[in-house]
There are 2 protein chains.
Amino acid sequence: MQERTDTIPGHLAVTLASRGDGRRAHDRRGNAYAAECPTRQLLDRIADKWSVLILLLLGEEDLRFSELKRRIGGISQKMLAQTLRALERDGLVLRAVEPTVPVTVTYSIAPLGRGLMAACRSMLEWAETCMVEVAAAQRAYDLRRETAES
Amino acid sequence: MQERTDTIPGHLAVTLASRGDGRRAHDRRGNAYAAECPTRQLLDRIADKWSVLILLLLGEEDLRFSELKRRIGGISQKMLAQTLRALERDGLVLRAVEPTVPVTVTYSIAPLGRGLMAACRSMLEWAETCMVEVAAAQRAYDLRRETAES
DNA sequence: CAGCATCCATGACGATACTG
DNA sequence: CAGTATCGTCATGGATGCTG
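A brief look at the structure comes next.

What counts, and where the lines are drawn
- Residues numbered from 1 in each chain as written.
- Chains lettered and ligands numbered in written order.
- Predicted model: local features only at pLDDT ≥ 70, side-chain atom pairs only at ≥ 80, totals over all residues.
- Heavy atoms only, no water.
- Pairing = 2+ DSSP bridges.
- Helix = DSSP H or I, 4+ residues; strand = E, 2+ residues; numbered from the N terminus.
- Contact = heavy atoms within 4.5 Å.
- Axes fitted to C-alpha atoms, helices over the stretch in contact; angles between N-to-C directions.
- Buried < 20%, exposed > 50% of the residue type's maximum accessible area, 1.4 Å probe, protein only.
- Arc of directions from axis to C-beta.
- Near = heavy atom within 4 Å.
- Polar contact = N/O pair within 3.5 Å; in protein donor to acceptor, adjacent residues only side chain to side chain.
- Buried area = accessible area lost by both parts, 1.4 Å probe.
- Salt bridge = Lys/Arg side-chain N within 4 Å of Asp/Glu carboxyl O.
- Nonpolar A, V, L, I, M, F, W, Y, C, P; charged D, E, K, R; others polar.

Describing the sheet that holds strand E1 (residues 63-64) of chain B
All names here are of chain B.
Step number 1: With respect to topology, three strands assemble into an open sheet ordered E1-E3-E2, the strand pairing being antiparallel. Two strands lie at the open edges of the sheet, namely E1 and strand E2 (93-98), each paired on one side alone.
Step number 2: Bridge analysis of E2 against strand E3 (residues 104-109) gives six bridges, and the strand direction is antiparallel. Residue pairing for E3: Ala 96 is matched across the bridge by Thr 106.
Step number 3: The strands that helix H4 (residues 49-60) touches are E1, E2 and E3; relative to E3, the one it contacts most, it runs at about 95°.

As structure tokens, then:
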């Protein structure tokens with residue numbers, strides 16, 4: 001920040017420089033670690049279980065509201081509506097209304113949202129792949145805590 | 001699944017087949033869309049803003065508790081402790097205690113957690129890249145709603 | 001019947017105070 | 001410093017009712 005390198009020993013300056021590396025994201029396009037940054041707020045919305053599951057499903061095929069609700073176990077009508085709305089507002093999901101009787105509403109992935117699919121999918125893939133190892137880690141952790149309680 | 005195509009009309013068989021395509025994930029390694037599935041529960045834990053931010057930071061360097069708290073804007077002590085513990089239990093993060101006075105606790109990314117980094121990073125990258133477009137989409141959406149309120 | 005709005009109970013979350 | 005405990009608050013979820 002300041003040009004006080006003259007008063008800083010060489011090895012410390014190096015340390016500070018490598019520190020700066022960690023802040024690269026900050027310099028680039030906003031600091032996602034700052035609560036007020038728009039990038040962080042966007043991340044908060046997409047790094048969410050409901051958003052990820054919805055995007056994952058819509059990435060495979062267009063779906064109606066009730067179909068989404070039926071496929072995503074444990075989601076409430078309220079959270080589904082709320083999340084879909086946020087995704088639509090962010091331009092990640094498209095909402096198409098067919099004027100039938102009764103009305104038919106179909107949700108699909110928007111071009112902007114398609115870019116997110118890769119990240120969501122690799123998260124899912126990772127979960128599927130590592131589930132067994134994670135379960136083992138949990139057992140080991142619980143066992144360690146249990147025996148330590150003596 | 002079954003060889004009963006003989007009793008199923010042609011067009012229905014096709015419908016069922018394309019249905020099966022959507023269930024591919026189900027056949028592979030558990031159904032992440034079912035609330036009770038361990039894979040889904042794991043996904044719920046990692047598709048979380050705090051988890052993603054913590055993993056992202058620890059992926060760059062080892063950090064102490066207070067340092068993490070200071071870097072992640074808006075996180076409470078409680079959520080940080082809680083999330084770190086869940087990540088540690090899942091084997092994604094390592095917790096090293098140095099018996100100094102007062103104690104020094106350093107968190108680092110575990111081998112298992114390193115595999116998740118790519119997904120977290122691409123999520124962050126996407127957010128940084130598309131933030132502007134998303135903001136535009138939001139304005140468009142809000143404007144549309146506003147004018148529709150006439 | 002699809003989809004959204006409203007009410008209420010519950011659990012997650014955040015701020016503060018306190019301990020090893 | 002690194003947490004745990006407590007409590008007040010707010011978001012989440014479930015049930016219900018409304019509209020087209």
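So much for the structure itself; the text now carries on.
Quick look at helix H3 (residues 38-46) of chain A
Step number 1: Where H3(A) is concerned, the buried positions are Thr39(A), Arg40(A), Leu42(A), Leu43(A) and Ile46(A). The buried side chains of H3(A) occupy one side of the element, clustering within an arc of 160° when seen end-on.

Focus on the protein's contact with DNA strand C
Step number 1: Around DNA strand C, a shell composed of 16 residues is seen, among which Phe65(A), Arg85(A), Val105(A), Lys78(B) and Met79(B) lie nearest.
Step number 2: Here the atoms of DNA strand C within 4 Å of the protein split so that 64% fall in sugar or phosphate, with bases taking the remainder.
Step number 3: Take Gln77(A): an N or O atom from its side chain is 3.1 Å from a base nitrogen of DNA strand C.
Step number 4: Within the side chain of Arg95(A), a nitrogen or oxygen atom sits 3.3 Å from a phosphate oxygen of DNA strand C.

Regarding the interface of chain B and chain A
Step number 1: At the junction of the two partners, chain B supplies 60 residues and chain A supplies 59 residues.
Step number 2: Between chain B and chain A, roughly 5,500 Å² of surface is buried when both sides are summed, and carbon and sulfur atoms account for 62% of that area.
Step number 3: The interface formed by chain B and chain A contains two salt bridges.
Step number 4: With its nearest N and O atoms 2.5 Å apart, the salt bridge here joins Arg89(A) to Asp142(B).
Step number 5: One can count 12 residue pairs in polar contact (both at pLDDT 80 or more) joining chain B with chain A.
Step number 6: Per-element accounting of the side of chain B that touches chain A gives the leading share, 22 residues, to helix H7 (residues 111-148) of chain B.
Step number 7: A per-class count over the side of chain B that touches chain A returns 29 nonpolar, 10 polar and 21 charged.

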